[in-house]
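Commentary on secondary and tertiary structure
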Amino acid sequence: MRILCDACETAAAILFCAADEAALCRACDEKVHMCNKLASRHVRVGLATPSDVPRCDICENAPAFFYCGIDGSSLCLQCDMIVHVGGKRTHGRYLLLRQRVEFPGDKPGNIDETRRGPNQPAKQAVGEN
């Protein structure tokens, strides 16, 4: 499942900014976060390719599309219908977006590259020579 950019609503989002509560494509991220010094300090995390689809906690085979907050389980449509009958129909269930995020350090180089752009050199970490 691809997430669209919250700003332009046409391109695929590659970053999520918690301060702005927005998923952004590269072009919109540059417009929004490079316009002033304060906005450039926002911490953003990369959005991973949605290839790793979580599986249902019950059947462990079908892709999970729902999360039950009370049971704490991820469920496919068929298992959700079986589990949530009778009184359990009142359980709060949520649609899983199946979007994994990549935090700095998850995959060396990927996040830093999306934050600085492809033509800017990598910053050395403190203590590196």
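Described below are features of the structure shown in this document. Along each chain, residues carry numbers from 1 onward, in the same order as the chain's sequence is written. For a predicted model such as this one, the threshold for reporting local features is a pLDDT of at least 70, and the threshold for listing and counting side-chain atom pairs is 80 or more; totals across whole chains, interfaces and linings nevertheless cover every residue. Hydrogens are left out, water is left out, and the side-chain values use all remaining heavy atoms of the structure.

Re the overall build of the protein chain
The condition that has to hold: Helix and strand definitions follow DSSP, with helices as H or I runs of at least four residues and strands as E runs of at least two, each counted in order from the N terminus. Should any heavy atoms of two residues lie within 4.5 Å, those residues are counted as being in contact. The method behind every accessible area is Shrake-Rupley, applied with a 1.4 Å probe, and residues are considered shielded solely by the protein chains displayed.
The number of helices and strands found in the protein chain is 3 helices and 7 strands. Secondary structure elements of the protein chain occur, N-terminal to C-terminal, as β-β-α-β-β-β-α-β-β-α. The contacts of the protein chain with a sequence gap of at least 6 include a subset with a gap of at least 24, amounting to 38%. For the protein chain, the exposed surface amounts to about 8,800 Å²; the carbon and sulfur share of it is 55%.

Here we look at helix α1 (residues 26-33)
Rules: A 1.4 Å probe rolled over the protein chains alone gives each residue an accessible area, and that area as a share of the maximum for its type sets the label: buried under 20%, exposed over 50%, partly exposed in between. Directions from the helix axis toward the C-beta atoms define the arc.
Taken as a whole, α1 has its buried residues at Cys-28, Asp-29 and His-33. When α1 is viewed along its axis, its buried side chains cluster within an angular range of 110 degrees and face the same direction.

What about the environment of Phe-103?
Here Phe-103 is to be found in the loop between β7 (101-102) and α3 (110-116). Given a relative accessible area of 45%, Phe-103 falls into the partly exposed group. Placed 59 residues apart in sequence, Phe-103 and Arg-44 show a C-alpha to C-alpha distance of 8.6 Å.

Looking at the sheet that holds strand β4 (residues 66-68)
Let me state the cut-off plainly: A pair of strands is labelled paired if DSSP reports no fewer than 2 bridges between them. Angles run from 0 to 180 degrees between N-to-C directions of axes, and those axes are lines fitted to C-alpha atoms, restricted for helices to the stretch in contact.
With antiparallel pairing, 3 strands are arranged side by side in an open sheet as β5-β4-β6. Since the sheet does not close on itself, it has two edges, and those belong to β5 (73-75) and β6 (93-95), each with one partner. The mean inter-strand angle of the sheet, taken between neighbouring strand axes irrespective of direction, is 30 degrees. Bridge count for β4 against β5 is 3 bridges, and the pairing is antiparallel. For Phe-66, the partnering residue across the bridge sits in β5 and is Leu-75.

A look at the environment of Asp-80
Relative to the helices and strands, Asp-80 is located in helix α2 (residues 77-83). A relative accessible area of 5% places Asp-80 in the buried class. It is 9.3 Å that separates the C-alpha atoms of Asp-80 and Arg-93, two residues lying 13 residues apart in sequence. Not counting the four nearest positions on each side in its chain, Asp-80 is found in contact with Phe-66, Leu-75 and Arg-93.

A short note on the environment of Arg-41
Here Arg-41 is to be found in the loop between α1 and β3 (44-47). Look at Arg-41 and you get exposed, because its relative accessible area is 56%. Here the alpha-carbon distance between Arg-41 and Ala-19, two residues 22 residues apart in the chain, equals 9.9 Å.

Considering the pattern of salt bridges
As a reminder of what qualifies: Within this document, salt bridges are pairs made up of a side-chain nitrogen of Lys or Arg and a carboxyl oxygen of Asp or Glu, the two lying within 4 Å of each other.
One pass over the structure, following the stated rule, counts 2 salt bridges. With a closest N to O distance of 2.9 Å, Asp-29 and Arg-44 form a salt bridge. Taken together, the positions of Asp-29 in helix α1 and Arg-44 in strand β3 put the pair 15 residues apart, joining distant regions of the chain. Judged by its relative accessible area of 2%, Asp-29 is buried. A relative accessible area of 3% means that Arg-44 is categorised as buried.

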